[in-house]
Amino acid sequence: MSLGNSGDDTFKIGRYRPIPLFLERVSAYWKFVWKCWRTAFDWTVLLYIVVPAIWIGGGTYLDWLRDPPVWMSGIPAALPLAVVGLVFSGGRLRTFADAGDGLFLNRNRTWTKGFTCMGLVYSAVVHAVLSVSVIPVLLPLWKNGEGYSAGFLMAMAVFSVLWGMSWTLLRDLISRTGIGWWKRIFLFLLRTASVALFVGVGLMAAKSASFWGVAAGIVGMVTIGIGWLRFRARGTFLHELGLEREAFLSAVGWLLRDTMEKKPLPKLSRPVFLSRSVTLFRKRGTIERLAESWIKSLIRRFDNVRLLLFFTVLGAAAVGLVPLFLSFAVWLVLPLLLLGWLQGQWRYWLSEDFVSLFRWEEATAEKAGEKARFMLSLPIVGLWAVEIAVRQGLAYGGAAWIGLAVIPAAGWIWLRAVNPMVTGMGRFRRQLKGGAARHVPEVTEVPDA
């Protein structure tokens, strides 16, 4: 059912003009989203969580605004600018396209141009609302900053709207012209560069307020140029439908995160890693085949690779930011977290519709899971070990550099020791839930991945 249907079956020609129909769809969309949110935010949530949070948070904000804490003076000026730049580099161009438009309305070029113009106006309004919402929240961080006057903040609000519009149009242009994993990487790098450039402009404008005008003029011309290209673009209907689907799922999908089993959508694009059938284990027994199948299934999904990279970077930061003597303790705990997450992914993969058709002994599955987890965890744990060894060598020098060989070897031993512990903990949890392992006839062959 279209979100733009108001329930009135009377045919009114004026209703199907771009502006009235666009406003009707915007209203219907947010009404529907609000109804979905109301299923989670009932009066008890508002009374016991939202109202106290607003009361406590608002009081803390006013206290910080009147008398900023001492620790705020140590926050670099680039941090609030980076927050603003990050917020304004995440927008999408919304046209509220509907699948039924492809029958008649989308064939009218005047109508599509009108909807595109309304989408640009809607995007500008959203960015204006963000500017008057985000920037005041960060006022305590700017209050004592040099050059951050009221005029500076007002100029930054105007510039942020133009910046957000230019990024929205640029992202829409790239999304329409590229496919595959390289587009995601390019957008990530472009967004990082966008935030860095926004911070640079803000720091320069703090020294010379007139710089806002120059920067706003340049960004405004870029926005007009990309907007003109988007206004004249053709064949964007399917792209607009995809954006609307993603926007709706991002608005209400979190409500269903823990209420239903999520299955990945089948994709026709070629995986980034292990796109060809390769052999990971020299031995070709049942355990090795099962472990290899899961490793390939995990690595071929980009979201899993992204989580592994995120965990690697987060662990490296945890090991590198604490004192050296504490980094060893942190390094010993991190593999337990990594193995626990991989254990959850392993059990989830075993419950997949296709994989569950094959049956093997529980001992075989546990050994295969241990082998796969060890192979996936060893490079990450080894990287953390090298980081600690380098810190130790730089701190003490001389014989301390022997740690480059000793600490990774100790990590290999530690990983071999705790990996079976994770398996045992998983088995114990399943037994507590009443899902004790059932011994069934073992499969002698597992299909190659």
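See above for the structure.
What you see is a predicted model, and the numbers here were worked out from it, not measured in a lab.

A. Looking closely at empty space enclosed by the protein. For the structure on display, the rule yields one cavity of 30 Å³ or more. A volume near 30 Å³ is recorded for the largest cavity. If you go around the largest cavity, the residues you meet are Q343, W346, R347, A365, E366, R373, T423 and R430. Of all the secondary-structure elements, those providing two or more residues to the lining of the largest cavity are helix 12 (324-350), helix 13 (362-396) and helix 14 (403-432). A per-class count over the lining of the largest cavity returns two nonpolar, two polar and four charged.

B. Spatial organisation of the nonpolar core. Membership of the largest hydrophobic core comes to 34 residues, with the highest contact counts inside it found for W294, L308, W331, L342, W346, L376 and W384. Of all the secondary structure elements, the ones that give two or more residues to this core are helix 10 (286-299), helix 11 (302-321), helix 12, helix 13 and helix 14. With eleven residues, the single largest contributor to this core is helix 13. Once you skip the residues sitting within four places of it in the chain, W331 turns out to touch V319, V381, W384, A385, I388, I407, A410 and G411.

C. Broad picture of a nonpolar patch on the surface. Residues V386, V390, L394, W401 and L404 make up a contiguous nonpolar surface patch of roughly 420 Å² in combined accessible area. For the nonpolar patch, the element with the most residues is helix 13, which contributes three residues. As for its position among the elements, V390 is in helix 13. Among the residues examined, V390 registers a relative accessible area of 31% and is labelled partly exposed.

Criteria and cut-off values
- Residues numbered from 1 in each chain as written.
- Predicted model: local features only at pLDDT ≥ 70, side-chain atom pairs only at ≥ 80, totals over all residues.
- Heavy atoms only, no water.
- 1 Å grid on protein atoms, 1.4 Å probe; cavity = no way out; pocket = protein on both sides within 12 Å on 5 of 7 lines; lining within 4 Å.
- Points joined across faces, edges and corners; volume = space filled by probe spheres on them.
- Helix = DSSP H or I, 4+ residues; strand = E, 2+ residues; numbered from the N terminus.
- Nonpolar A, V, L, I, M, F, W, Y, C, P; charged D, E, K, R; others polar.
- Core = buried A, V, L, I, M, F, W, Y, C linked by side-chain atoms within 4.5 Å.
- Buried < 20%, exposed > 50% of the residue type's maximum accessible area, 1.4 Å probe, protein only.
- Contact = heavy atoms within 4.5 Å.
- Patch = residues over 30% accessible without salt bridge, like charges linked within 9 Å, V, L, I, M, F, W, Y side chains within 5 Å.
- Areas by Shrake-Rupley, 256 points an atom, 1.4 Å probe, with all protein chains shown as cover.
- Salt bridge = Lys/Arg side-chain N within 4 Å of Asp/Glu carboxyl O.

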